[in-house]
Amino acid sequence: MQTEKEDEDDTSPEECVAMSDFTGSGSDQLSFSSGDKLLVYIKSSSDWWWAELRGVRGYVPASYLRPGDAEEEDDTSLEDPWQDEEYFGSYGTLRLHLEMLSDKSRTEAYRQVILRNSASLRNKVVMDLGCGTGIISMFCAQLAQPSVVYAVEASSMAEYTRQLVKQNNCEEVVTVLQGRAEEIELPEQVDVLVSEWMGNCLLFEFMVESVLLVRDRWLRDGGVMWPSSAALTLVPCQADSYYAEKMAFWEQPYGLDFTPLQPLAQQEFFTKPKFSHLIEPNDCLTAPCDVIYLDMYTLQVKDLEEIKGQFHFCVEKSGVFHGFTAWFTVHFESLETGGATVELNTGPNSEPTHWKQTLFMLDRPISIYAGDSISGNIVLHRNPVWRRHMTVTLHWNINSATEETDNCQVGTKVFPMWR
């Protein structure tokens, strides 16, 4: 960071306005409130900028700011806060569908739900929300006998989904509807609402809002939601290889001292979550803990603005605490009384899925010992402007079990998550 701070005075700052509150973690991140005017000196990356607020300088998340010379009402009209063109555009190509369909754990879980409930689905009205290529809808048509399946898809993939439905002789059961979930019209209410809405860290991109709005409008009283519930799981972990790759590498590459680049590496690689992380079970320092639970029948859209969870971990083995790893589990209740629940678990003790896990790195590793405890809370805060974005705030306390090091280490870190 030395070079940036030396050069910043030669740069004319750009005035920007905060679109929402942000609480920085560490001495190099600024905290600010919605409406604050900041001077941006260096746009270090697409994610973090070097800025000044009331005489104090530090890093700020770029997605929280708008140009100061743009009127707020004009700014929000320039770009859709849901970023639908980009979001649905990505689902209009095959890349994401290939990834999802190749995920056997994910796809087979939905297939098993249909298969195990085939008798109870007879003559039922089903909606498959965000159907993509229509795989779940066609499972329903081929494995059960519902009266109709409304396959709803907002992206241009819907045109191909109609072809796939016809190609697989499902057109008498499956009706493909192209449009946003909030705008579609149906001739009737549905008995079952099924959707694969989960994102990284469970909620990212917030497709779940569309599911809840459709539930409230189109699911009949007593109808069934699939998934029926969801949980976010967290565990303190080691990440030796990732730390070595991104941070320790700079200690002496090719016999040279590159340590002045380590603060820059920390800012570039550790300030955002690492998606598609695969944690080895042996890297878990404690037993995992479910920190957030969602009941898909009672969850409300307003609840999504901020979701909090608590945790308390007992360290089972000594090691290096590099950060936290998160994953999710969803459950599908049976339509039959006493029927078995189907589970889709994206954790390290299950078959890998395309979501894998999400890694949140601390700024600096901490040595911990068997018997220590790590307690704290996690907050998922939805961005009030860009509705598919969120921040994840982790606050932790490490309590030592040994008299020699009888102290409490406290930390907080905020991780922006945006497209």
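Since we're looking at a predicted model, the values are computed, not measured.

Caption draft 1: Up close: the overall build of the protein chain. Check the secondary structure of the protein chain and you find ten helices and 20 strands. Its C-alpha atoms give the protein chain principal-axis dimensions of roughly 70 × 55 × 40 Å. Every one of the 419 residues in the protein chain was classed for burial, and the buried ones make up 53%. Across the protein chain, every contact between residues at least 6 apart in sequence was considered, and the portion connecting residues at least 24 apart equals 72%. If you sum the accessible surface of the protein chain, you get close to 19300 Å²; carbon and sulfur atoms cover 47% of it.

Caption draft 2: Focus on the nonpolar core. Counting residues in hydrophobic clusters, the biggest one holds 92 residues, and the most contacted among them are Met-127, Trp-197 and Leu-203. Looking at this core, the element that brings in the most residues is strand E15 (residues 319-332), giving six residues. In this structure Met-127 touches Tyr-150, Val-152, Ile-184, Leu-186, Val-190, Val-192, Leu-193, Val-194, Val-214 and Trp-218, once residues within four positions along its chain are discounted. If you look at the next biggest cluster of nonpolar residues, it comprises 20 residues, including Cys-16, Phe-22, Tyr-41 and Tyr-59.

Caption draft 3: Structural context of the sheet that holds strand E1 (residues 14-18). One open sheet holds the five strands; their spatial order is E4-E3-E2-E1-E5, and the pairing between them is antiparallel. Of all the strands in the sheet, just strand E4 (56-61) and strand E5 (65-67) have a single pairing partner and so form its edges. The average undirected angle you get between the axes of adjacent strands in this sheet is 45°. The sheet contact formed by E1 and E5 spans three bridges and is antiparallel. For Val-17, the partnering residue across the bridge sits in E5 and is Arg-66.

Caption draft 4: Region of the structure containing the pairing of strand E3 (residues 48-53). Burial runs high along E3: six of the six residues are buried. Relative to E3, strand E2 (residues 37-42) runs antiparallel, the two being bridged by three bridges. Across the sheet, Leu-39 pairs through a bridge with Glu-52, a residue of E3. Hairpin connection of E2 to E3: five residues between the antiparallel strands. As consecutive antiparallel partners, E3 and E4 are separated by two residues, and within that stretch Arg-54 has a phi angle of approximately 50°, a positive value.

Basis of the calculations
- Residues numbered from 1 in each chain as written.
- Predicted model: local features only at pLDDT ≥ 70, side-chain atom pairs only at ≥ 80, totals over all residues.
- Heavy atoms only, no water.
- Helix = DSSP H or I, 4+ residues; strand = E, 2+ residues; numbered from the N terminus.
- Buried < 20%, exposed > 50% of the residue type's maximum accessible area, 1.4 Å probe, protein only.
- Contact = heavy atoms within 4.5 Å.
- Areas by Shrake-Rupley, 256 points an atom, 1.4 Å probe, with all protein chains shown as cover.
- Core = buried A, V, L, I, M, F, W, Y, C linked by side-chain atoms within 4.5 Å.
- Pairing = 2+ DSSP bridges.
- Axes fitted to C-alpha atoms, helices over the stretch in contact; angles between N-to-C directions.

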